[in-house]
Amino acid sequence: MMNKENIPKHIAVIMDGNGRWAKQRGKSRVFGHKNGVVAVNDFVECSAEIGVKYLTLYAFSSENWNRPDYEVNALMQLLVVTIKKEIDKLNKNNIRLQVIGDVESLPSKTRKILLEAIKSTENNDRMTLILALSYSSKWEIMEAVKSIAKKVENNEISSDQVTEELFEQHLNTSDYPDPELLIRTSGENRISNFLLWQIAYSELYFTDKLWPDMRKADLIDAIEDYQSRERRFGKTSEQIESA
Ligand code: IPE
Ligand code: IPE
Ligand code: MG
């Protein structure tokens, strides 16, 4: 049974397996991506319902630009159609949309609708839905390093002031807490350049299910698994129990 008192504040998801899902059905990879939207809607709805405050979805990595043009274009187009279709529902459900990643690298149509949706939902406060688009953690970390180096160079800060906190303020995720739970679907046990800094102490949950098959019950399963774990943060089990 899920404990309603111990819901992760922030859940991050590597939505993987769309291509294989489509292949199993003799369809094109793009068919898999389209069906992945059903799972996205389920995860967003369920997270908001149970009181998750931040949901980050890895939708397109920096490395995904290396896929065939037709697939990249279809994904960018699918983003436009999906965001357009969902803006009203996000507002109705009081959900704020945010993005992390290299927004400048997105095609102008995709960027435009994305920024519109972010603007239109900016005052919603039930849950924040964060899309990772053209995102990679190494890119994000390098951007932070470069911007801090510039500040030191310009004597705006001294090198002693470069702390963990200052570094975090320069990440795309500066406004959000670190995820307690990271979910990856499709049986791949890797991180694929996602939130490397932020998942330092996250609980990792891997499932063999392909992303388009994921439903509310699967999210609840992942949360129950998370709740069964003891998060020790370097301490001993005895210390945690007596706290
Ligand atoms: C995840 O599914 C979606 C994106 C990376 C955009 P994939 O497209 O990676 O599906 P598989 O891993 O090839 O099955
Ligand atoms: C990770 O999936 C990126 C997203 C889910 C957007 P990939 O399918 O691109 O990951 P790798 O390359 O197989 O690790
Ligand atoms: Mg994949």
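Just so you know, these numbers come straight off a predicted model, no measurement behind them.

Thresholds applied
- Residues numbered from 1 in each chain as written.
- Chains lettered and ligands numbered in written order.
- Predicted model: local features only at pLDDT ≥ 70, side-chain atom pairs only at ≥ 80, totals over all residues.
- Heavy atoms only, no water.
- Helix = DSSP H or I, 4+ residues; strand = E, 2+ residues; numbered from the N terminus.
- Buried < 20%, exposed > 50% of the residue type's maximum accessible area, 1.4 Å probe, protein only.
- Pairing = 2+ DSSP bridges.
- Right-handed = clockwise from strand over helix to strand, strands pointing away.
- Expected span 1.5 Å × (residues − 1).
- Polar contact = N/O pair within 3.5 Å; in protein donor to acceptor, adjacent residues only side chain to side chain.
- Contact = heavy atoms within 4.5 Å.

**Q** What is the right way to look at unusual backbone geometry in this model?
**A** Positive phi values are uncommon outside glycine, yet Asn94 reaches one of about 60°. Mapped onto the elements, Asn94 comes out in the loop between helix 3 (69–92) and strand 3 (95–100). Classification of Asn94 by relative accessible area gives partly exposed; the value is 27%. Not every positive phi belongs to a glycine, and Asn155 is a case in point at roughly 60°. Position of Asn155 relative to the elements: it lies in the loop between helix 5 (137–153) and helix 6 (164–169). Looking at Asn155, the relative accessible area reads 70%, which means it is exposed.

**Q** I keep staring at the environment of Ile83 and nothing clicks. Help me out?
**A** Counting through the fold element by element, Ile83 comes out in helix 3. Residue classification places Ile83 among the buried residues on the basis of a relative accessible area of 9%. Along the sequence, Ile83 and Thr56 sit 27 residues apart, while their C-alpha atoms lie 15 Å from each other.

**Q** Please clarify how the pairing of strand 3 should be interpreted in this entry.
**A** The side chains of a regular strand alternate between both faces of the sheet. Counting buried residues in strand 3 gives 6 out of 6 residues, a clear majority hidden from the surface. By the bridge criterion, 6 bridges tie strand 3 to strand 4 (residues 127–135) in an arrangement that is parallel. Paired with Ile100 across the bridge in strand 4 is Ala132. For the handedness criterion, the β-α-β arrangement of strand 3, helix 4 (residues 108–120) and strand 4 is classed as left-handed.

**Q** I tried to follow helix 2 (residues 29–50) on my own but got confused; where do I start?
**A** Because the α-helix completes a turn every 3.6 residues, residues three or four places apart line up on one side. Its 22 residues give helix 2 an end-to-end C-alpha distance of 32 Å, which sits within 8% of 32 Å, the value for a rise of 1.5 Å per residue. Of the residues trailing helix 2, Gly51 is marked for its positive phi of about 100°.

**Q** Just to check I follow, could you spell out the pairing of strand 5 (residues 181–184) for this structure?
**A** Here strand 5 shows no split at all, with Leu181 and Ile183 on one side and Leu182 and Arg184 on the other all buried. Both strand 1 (residues 10–14) and strand 5 contribute to a ladder of 4 bridges, which runs parallel. Within the sheet, the bridge partner assigned to Ile11 lies in strand 5 and is Leu181. Sheet analysis places strand 5 next to strand 6 (residues 203–206), joined by 4 bridges and oriented parallel. Bridge pairing links Leu181 to Glu203 in strand 6.

**Q** How do you make sense of the side chain of Ser202 when you look at a structure like this?
**A** Residue position: Ser202 is located in the loop between strand 5 and strand 6. A distance of 2.6 Å separates a polar atom in the side chain of Ser202 from the backbone oxygen of Pro179. Apart from residues no more than four positions distant in its own chain, Ser202 is found in contact with Pro179, Glu180 and Arg231.

Interpretation note: all reported values are geometric properties and have no functional meaning in isolation.
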